[in-house]
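The lines below spell out each chain.
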Amino acid sequence: MRAWRTAGIATVAAVALGASGVARAQAPAPPAPAPAAPAAPPAPVAPPAPTSAPGLIGKVAFVDIQRVIARSAGGAAAREQVEREKSTMQKEMEGKRVELEKLREEIEKKGSLMTADARREKQEAFDRKRRDAARLADDYQKELEKKEQALLQKVLQDLSSVIERVGKERGYYLIVEKRGAVVLYAAAEADLTDEVIRAYDQQAGNNKGKK
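Please read these numbers as outputs of a predicted model, since none were measured by experiment. (Residues numbered from 1 in each chain as written. Predicted model: local features only at pLDDT ≥ 70, side-chain atom pairs only at ≥ 80, totals over all residues. Heavy atoms only, no water.)

### Details of the overall build of the protein
Then step 1. Scanning the protein from N- to C-terminus turns up five helices and two strands.
Then step 2. Overall, the protein shows an N-to-C arrangement of helices and strands of α-β-α-α-α-β-α.
Then step 3. For the protein, with 211 residues in total, the buried portion stands at 19%.
Then step 4. As displayed, the protein offers around 16100 Å² of accessible surface, 58% of which is attributable to carbon and sulfur atoms. (Helix = DSSP H or I, 4+ residues; strand = E, 2+ residues; numbered from the N terminus. Buried < 20%, exposed > 50% of the residue type's maximum accessible area, 1.4 Å probe, protein only. Areas by Shrake-Rupley, 256 points an atom, 1.4 Å probe, with all protein chains shown as cover.)

Set out below in C-alpha cells:
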C-alpha cells in the first residue's frame, strides 16, 4: 500500500512533471518585437539662392559733363577765357576786313583813272592781302580750337578727381557720362551732375583760396 502510494506519488509526480513540461512546451513563445520602421531619408537640402554682392544693387550713376562745363564755375572760367581769345582774334580780323574793303573800293572807284601798272599793283596788293587774311583766319581758328581743347582737358582732369571722390563717398561702383554712354533709361535719382558741380565749385574755391 505504501509502495503503491509511493508509486502513486511518483506517478503523480511524474505526471505533474510531464504536465509541467507539456505546459512549458505548449506555452506560446513571447511575441518577437516588431521590426523598427526604416529611418526616413534626409530631406534634400536646397542649394543656396544666389545673392548679389552686398551694396551693389542700384549703385550706378551718370554725370552730364556738358552741363557741368556749362554751369560750374570752372567751366564758366574756361569759356570766358576762350571768348576773350576769340574776341581778340575777331577784332584783328575785322581790321583786316575793313582794310580789304577800302582797297577794293579804291580799285573800283579810281581804277579807271589809274595807269595799267598802277591798277595791276593795286589789284595784286588786294589779292595778296585777301590771301593773307584768309590764311590768318584759318590759323586763328586752329589756335582757338587748340586753346579750347586744352582748357577742356584741364576741366575734365579736375572733374575726374571730383567724380571719383563723390563716387567713393556715395558708394557707387560705376559712374558713366550721360552723353558718351548709351543710356537707355536713367532715373533722376541716379543723376549726380548737380552734386558734382557743387563739389567741383567747392574744390575750385578751395584751390583759389590757397593761391
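We are not done yet, so read on.
### Quick look at the layout of surface pockets
Then step 1. Quantified by volume, the second largest pocket comes out at close to 180 Å³.
Then step 2. Lining the second largest pocket, in full, are Q66, I69, G75, A78, R79, V82, E148, L151, L152 and V155.
Then step 3. Considering only residue class, the lining of the second largest pocket consists of six nonpolar, two polar and two charged. (1 Å grid on protein atoms, 1.4 Å probe; cavity = no way out; pocket = protein on both sides within 12 Å on 5 of 7 lines; lining within 4 Å. Points joined across faces, edges and corners; volume = space filled by probe spheres on them. Nonpolar A, V, L, I, M, F, W, Y, C, P; charged D, E, K, R; others polar.)

### Considering the nonpolar core
Then step 1. Judged by nonpolar contacts, the single largest core of 22 residues is most densely connected at V63, V68, L159, L192 and V196.
Then step 2. Among the secondary structure elements, those contributing two or more residues to this core are β1 (60-63), α2 (65-71), α3 (73-110), α4 (116-170) and α5 (193-210).
Then step 3. With eight residues, α4 is the largest single contributor of residues to this core.
Then step 4. In this view, L159 contacts I65, V68, V196 and Y200; residues no more than four positions away in its chain are not counted.
Then step 5. In this structure, L103, A125, F126 and A133 belong to the second largest nonpolar core, which totals six residues. (Core = buried A, V, L, I, M, F, W, Y, C linked by side-chain atoms within 4.5 Å. Contact = heavy atoms within 4.5 Å.)

### Notes on the environment of S160
Then step 1. Of note, S160 is situated in helix α4.
Then step 2. In sequence terms S160 and Y200 are 40 residues apart; their C-alpha atoms lie 9.9 Å from each other.

### Considerations on α3
Then step 1. A rise of 1.5 Å per residue sets the reference length of α3, with its 38 residues, at 56 Å; its end C-alpha atoms lie 55 Å apart and thus fit the reference within 8%.
Then step 2. Those residues of α3 not exposed but buried are G74, G75, A76, A78, V82, M89, L100, L103 and I107. (Expected span 1.5 Å × (residues − 1).)

### A few points about the pattern of salt bridges
Once their charged atoms are close, side chains differing in charge can pair, the charge on each being opposite to the other.
Then step 1. Applying the stated criterion across every chain yields a total of 17 salt bridges.
Then step 2. Of the charged contacts in the structure, one is a salt bridge between D138 and K142, with a shortest N-O distance of 3.4 Å. Linking D138 with K142, this pair stays in helix α4, spanning four residues, or about one helical turn.
Then step 3. A salt bridge links R170 to E195; the nearest nitrogen and oxygen atoms lie 2.3 Å apart. Of this pair, R170 sits in helix α4 while E195 sits in helix α5, and the two are 25 residues apart along the sequence.
Then step 4. The class of R170 is partly exposed, set by a relative accessible area of 34%.
Then step 5. One salt-bridge network, in which partners are shared between bridges, spans R67, D191 and D194. (Salt bridge = Lys/Arg side-chain N within 4 Å of Asp/Glu carboxyl O.)

Honestly, that's just the spatial picture; any functional story needs more than this.
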